[in-house]
Structures are given as structure tokens and as C-alpha cells.
Amino acid sequence: MNYIKQIITVTRWEYSRFFKPKNEAIGLIIMLLLSGTLYFGGKYALSESIPEINVFVLNDNNGTLTEILKNNFTVRQLASDQKNIFIKGLNENKNNVLLDIKNGTIELYAYKNNRDIKKLKTHLDIYHQQIEMQKLGLSAEQLASVLSPASTKETFIIKDNSSNRLILSYFFAGLMILAVFLSFAYQFTAITGEKQLRITEQIVSAISPQVWMDGKILGITLTGISSMITYSLLFILGGVIYFQFTGASVLTILEYLHLPSIALFLPFALIGVLIWNAILAAIASVITDPNNSGKSSLMMLPVVFVIASFLVTRDPDSGLSVFISWFPLTSATSMPMRWAITEVGIWQLIGSFLILLLTFYLLRKIAAKIFRVSILLTGKEPSWSEVYKFVKMK
């Protein structure tokens, strides 16, 4: 059996071992139900309800406050001699609120502070603004004119779709984090479990460590990419449902799906996940006991670099953003993110992608070297100096 056939055999075995369509479907259904519950529950919790409070106004001589409140609240006038009786009765009439205007100050009496009271305060702010404008002799139109922004007519060579593209770039980063977490779980389970069960020695006696490692990296990467595509479709479906319930056109979601950016993201994501799987496989190879090993925490290292890619969104044209879009441990996420929200030369895309390919080629070699020697060690977990010697071995 030649190298290619062996790679395909190991890859298919690893892929079928971890990617279960039935489990994916069950997971998607659970996520849809959970997302729907959270959406409708949140919408209900944050929905604007009709205020339940009854507002009584005292000393509103010119009727300005009553005029402002009457469209949103039930407003009544209160006689001055009824104030003390009203305040004492708040323990029983918990929905009543008293507003007493004294020397430019509004005294508010209520049973407790709640959402309706907070909404009432926003209207009190409007009342205060109107009173101050009257003192200055300004009309509402004059104040609005003073506070209005400068009138500008803008023309740019590069059209800015930053809001929609920014959301798309966050979506890219989220998918990469998902793929990294899946790779972490699968590599950790596969390699450390096989080492503890002493299965690996039997397998590598039939095929080379390089073939075994390449097959694992490819198989688990395909599992991660499959999950990325599955959850991408789920998010798109969720977006369609969201726009349907909010009354917006379903076609609105197409404004967020920039096809050139998506087409660029896929090859970068593939090589990026391959790189991280090679690194995770190398780390998992030197872990003897996952319950007590101090090296287990390094399996979370990829998440740090993926999160660092979010720095691109702050200023995609800065020197730091350019650097992390070329640095192979961050470029798989940051370069597609940069390209989605700013102008990036084609030579930068090609150069960054070639560096990614070269990095993966070297890391898979290093991972196989470490794996080849570490499977022969029993009892003692290799130190970092020993791992360095593994890498130098031919």
C-alpha cells in the first residue's frame, strides 16, 4: 500500500470515528430549540409593555409636565391637601406615583423603583429640557438645529461596508474557535487514549509514524471543517428565522454574506486548522497521563492566537494588524478578517497563504518525529529538553 492510499485509509478511519451525522443532527436540533427559547424568552423579557403605573401630578401650574406624560401614562392632577394621604397610601396602592414640582425640582414618590419608573424619568428629562429652553428663550426647533451634526457629503474611492463585513469577520473568528475546540477534544481523546491502551505501537508497526500522524491530522481537520460548515448553515438558518420574525426581508441576510470573503476564508481556515491539529497532535503525543500532566494546558494555546485575531477589527491597516495577518499562527483567521473589512493586496493574500502552507509542511514533520519517539517511552513523560531532541532527530 503506497503513501497516498495509507493516508486516505487513516483519514477515513479518523473522520468516520469522530464525525457522526446522527449526532450532528441531534446537536443541531437541540441548538435550534435552545436558540429559539433564548430568542423568544429574551424578546419577551425585553419587550416594551404598557406602563402599569398611575401618575399623579402636583403643582403643574402651566400643564407642561402633564402634556408630556399623557401620551404614555395615565396622568391625573392631585390636590395639595391630599399629598400626605397619598404618600401614606403607597403601601396599598403600589402602582401609584406622585410627581410634585417645587422650585424647579421634581419630587417623586413611589412604592419602589422599577422599569416603569425608569421610563418615567426619561420623560422627566424631556420636561426639564423644555423648561430650560423656555428660560433661555429657545424653541425646540432652534435647540435641535444647534445640536444637529454637521451636514457633510462624503465620497470615498473604496466603499465602506464595515458594519456588515465586521459581523462577517466575527463570524469567521467564531468558526475558527469552534474548529480549534473540536480539534483539541478529538486530538486529546485520540492520541492520549490510544497511548494509554497501548494500541499505537501495534498500528505503527504496520505503517510509518508519518503516515499515522498525517492521517490523524487530516481526519480530525475534516471533522472540524465539517462541523464548521454544519454550524454555518445553522447560523444562516437562524438568521433567516430571525429576520422572518422581526418583519425584515429574508434577503437581508444576503447583505452579510460576502461571497468573495467566504471563498477566501475556506482555504485559509483549512490550512489553519491543519496547522493547529499538527501542533495539538505533537503536544498530545508527549502527554502520558492526561489527568496529571502539566502539558495538558498547552492544548488550549490555539485559542489564544485565534482570539488575538480580533485585534484586526480595531484597525485593519495598522502595523500590528498587518503582522498578525502574515504570522502563520494567526493569519488563518486574521487575513480573511482583514480582507473582509479593508483593502488587501493580492500579493499579501498569496504570500500569507504560502507561509501557511510551508508552516503546515514543517509542523507535520515535527509532529511525526515527536510522535515516533514518544510512543516508545513508558512511565515517564518527556521533558521539554527531550522534546527538543526529538525534533532534531533525523
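The structure under discussion appears in the preceding block.
As the structure is a prediction and not an experimental result, all values here were calculated from the model. (Residues numbered from 1 in each chain as written. Predicted model: local features only at pLDDT ≥ 70, side-chain atom pairs only at ≥ 80, totals over all residues. Heavy atoms only, no water.)

Focus: the overall build of the protein chain
If you tally the helices and strands in the protein chain, you get 15 helices and 4 strands. Considering only contacts within the protein chain whose residues lie at least 6 apart along the sequence, 69% involve residues at least 24 apart. A total accessible area of about 22,600 Å² is found for the protein chain, and carbon and sulfur atoms account for 63% of it. (Helix = DSSP H or I, 4+ residues; strand = E, 2+ residues; numbered from the N terminus. Contact = heavy atoms within 4.5 Å. Areas by Shrake-Rupley, 256 points an atom, 1.4 Å probe, with all protein chains shown as cover.)

Focus: the packing of aromatic side chains
Per the counting criterion, the structure on display carries 6 aromatic pairs. Residues Phe 323 and Phe 327 carry aromatic rings whose centres are separated by 5.6 Å and whose planes lie at 15° to one another, so their mutual orientation is stacked. Given a relative accessible area of 30%, Phe 327 falls into the partly exposed group. Considering the side-chain rings of Trp 326 and Trp 347, the 5.8 Å spacing of their centres and the 45° angle between planes classify their relative orientation as tilted. Residue Trp 326 is located in the loop between helix H12 (319-324) and helix H13 (331-341), and its partner Trp 347 is located in helix H14 (residues 346-374); the two are separated by 21 residues in the primary sequence. Residue classification places Trp 326 among the partly exposed positions, given a relative accessible area of 24%. Here the aromatic cluster, defined as three or more aromatic residues joined through ring pairs, consists of Trp 276, Phe 305, Phe 323 and Phe 327. (Phe/Tyr/Trp six-rings, centres within 6.5 Å; stacked < 30°, edge-to-face > 60°. Buried < 20%, exposed > 50% of the residue type's maximum accessible area, 1.4 Å probe, protein only.)

Comments concerning the environment of Tyr 15
Following the sequence through the fold, Tyr 15 ends up in helix H1 (residues 3-18). Residue Tyr 15 is classed as partly exposed on the basis of its relative accessible area of 26%. On a C-alpha basis, the gap between Tyr 15 and Gly 219 in space is 4.6 Å, while along the polypeptide they are 204 residues apart.

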